[in-house]
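Okay, here's what each chain looks like letter by letter:
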Amino acid sequence: MKDGDLTVNSTFSFIGTGNMGGAILKAACGIIDPDSIYIADSDRAKALTLGSELGCNVMEGNLQAVESADFVILCVKPQIIGTVLDEIAPVLRKREADGNPAVLVSIAAGVSISKMRSHIGAKQPIVRVMPNTPALIGKGLMIIAGDDSVRENKIAALEQMLSCCGETMRLSENLMDQATTASSCSPAFVYLFIEALADAGVYTGLTRENAEKMAASAVLGAASMVLETGMKPGELKDMVSSPNGSTIRGVASLEKSGFRGAVIKAFLAAYERNTEMGK
Ligand SMILES: NC(=O)c1ccc[n+]([C@@H]2O[C@H](COP(=O)([O-])OP(=O)(O)OC[C@H]3O[C@@H](n4cnc5c(N)ncnc54)[C@H](OP(=O)(O)O)[C@@H]3O)[C@@H](O)[C@H]2O)c1
């Protein structure tokens, strides 16, 4: 924590300390004072273990966790979030009435701000955050969507805290299902691609270890080229495809197998499911 940090004097409560909540929490404790972090989980033993490991405060339950923190970060499964919101709503409403509202932050896929607000009340400041699994190693993309209910300085402080997990991006809430697909579902598609490349490498004589390393490094390097050079993927593909060379033969074979169409179809299937879950 440095002077001038937006998160100075901000306090954060995490409700749910499982895979994603636990990962954000651990990373957050690396950049902000663990004493300004409160945690609660229905599995209290898990919360106590994390609390003693990280030095943050373990609360008796969800109600205690929302009593005073500036940000209440819900990291429970989407199907449980309604129950948790109903439980904490009286405390949040009282804080709002007392002029000390918490900013409610949800990382649950597919649960809209209006759906959450229907459990709590019209004036509750709410932000949605969509993390992806690379956040577990600090290389994630944390997509943030708020509305007019949240003040800019609060969003900026949240953004700063979430930067512990990688990059952050602000987006309009009406694009969250698309973003969930593009950012949170797509790592699984990329893992399939890496696995297939590695299988082919093994088929042609490479060891599994070397083949996986080469495939993953190629994906990492190619992604960095797109992000760091500002060049279009098509231009970069053309750069490695020399006339009558081996790469263009592989590219032509992928096109013949409908590679791009298959990827678009997979995206649309996942997107459809994301929109269904939000209803
Ligand atoms: N994992 C991802 O890749 C990913 C990516 C993007 C978004 N998300 C979102 O992240 C959220 C959490 O997912 P996850 O994978 O981290 O789930 P998880 O590992 O199951 O973590 C949820 C935690 O909340 C606890 N919990 C359950 N009911 C509770 C309650 N009433 N009060 C307090 N704590 C409670 C669970 O305890 P028990 O284990 O005892 O039930 C568990 O420790 C989901 O909404 C998901 O949509 C996840």
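Reading guide: rules and limits
- Residues numbered from 1 in each chain as written.
- Predicted model: local features only at pLDDT ≥ 70, side-chain atom pairs only at ≥ 80, totals over all residues.
- Heavy atoms only, no water.
- Core = buried A, V, L, I, M, F, W, Y, C linked by side-chain atoms within 4.5 Å.
- Buried < 20%, exposed > 50% of the residue type's maximum accessible area, 1.4 Å probe, protein only.
- Helix = DSSP H or I, 4+ residues; strand = E, 2+ residues; numbered from the N terminus.
- Phe/Tyr/Trp six-rings, centres within 6.5 Å; stacked < 30°, edge-to-face > 60°.
- Domains from an automatic or database assignment.
- Contact = heavy atoms within 4.5 Å.
- Buried area = accessible area lost by both parts, 1.4 Å probe.
- Salt bridge = Lys/Arg side-chain N within 4 Å of Asp/Glu carboxyl O.
- Polar contact = N/O pair within 3.5 Å; in protein donor to acceptor, adjacent residues only side chain to side chain.
- Lys, Arg positive; Asp, Glu negative; His and termini not counted.

Engineer: Would you explain the nonpolar core in this entry?
Structural biologist: Counting residues in each nonpolar core, the largest one holds 34 residues, and the members touching the most others are F14, I24, L25, I37, V127, V129 and M161. Among the elements that take part in this core, helix 1 (residues 19-31) stands out by supplying 6 residues, more than any other.

Engineer: In this structure, what is going on with the packing of aromatic side chains? I would like to understand it.
Structural biologist: Each pair of aromatic rings is reported with the distance of its centres and the angle of its planes. Per the stated rule, a full pass over the model turns up 2 aromatic pairs. Summarising the aromatic geometry, the rings of F12 and F71 are spaced 4.9 Å apart at their centres and angled 10 degrees between planes, so their arrangement reads as stacked. Taken together, the residues F12 in strand 1 (residues 12-15) and F71 in strand 4 (residues 71-74) connect sequence positions 59 residues apart. The same class applies to F12 as to F71, namely buried. Summarising the aromatic geometry, the rings of F193 and F259 are spaced 5.9 Å apart at their centres and angled 45 degrees between planes, so their arrangement reads as tilted. Of this pair, F193 sits in helix 7 (residues 176-203) while F259 sits in helix 11 (residues 259-277), and the two are 66 residues apart along the sequence.

Engineer: I would appreciate a short explanation of the domain arrangement of the protein in the present structure.
Structural biologist: By a widespread convention, an interface's size corresponds to the accessible area lost as its parts come together. Splitting the protein by domain gives domain 1 (12-171) and domain 2 (180-277). On a C-alpha basis, the centres of domain 1 and domain 2 stand 34 Å from each other. Each partner contributes residues to the interface: domain 1 has 9 residues there, and domain 2 has 7 residues. For the pair domain 1 and domain 2, the summed buried surface comes to about 590 Å²; carbon and sulfur atoms form 51% of the total. The interface formed by domain 1 and domain 2 holds 0 salt bridges in total. Our count for the contact surface shared by domain 1 and domain 2 stands at 2 residue pairs in polar contact (both at pLDDT 80 or more).

Engineer: Please explain the side chain of D70 as it appears in this structure.
Structural biologist: With respect to the element layout, D70 can be found in the loop between helix 3 (62-65) and strand 4. Of the side chains with opposite charge, K154 comes closest to the buried, unpaired D70, at an N-O distance of 4.2 Å. Among the polar contacts listed, one links the side chain of D70 to the backbone nitrogen of T11, at a separation of 2.7 Å. In this view, D70 contacts N9, S10, T11, R95, A102, V103 and K154; residues no more than four positions away in its chain are not counted.

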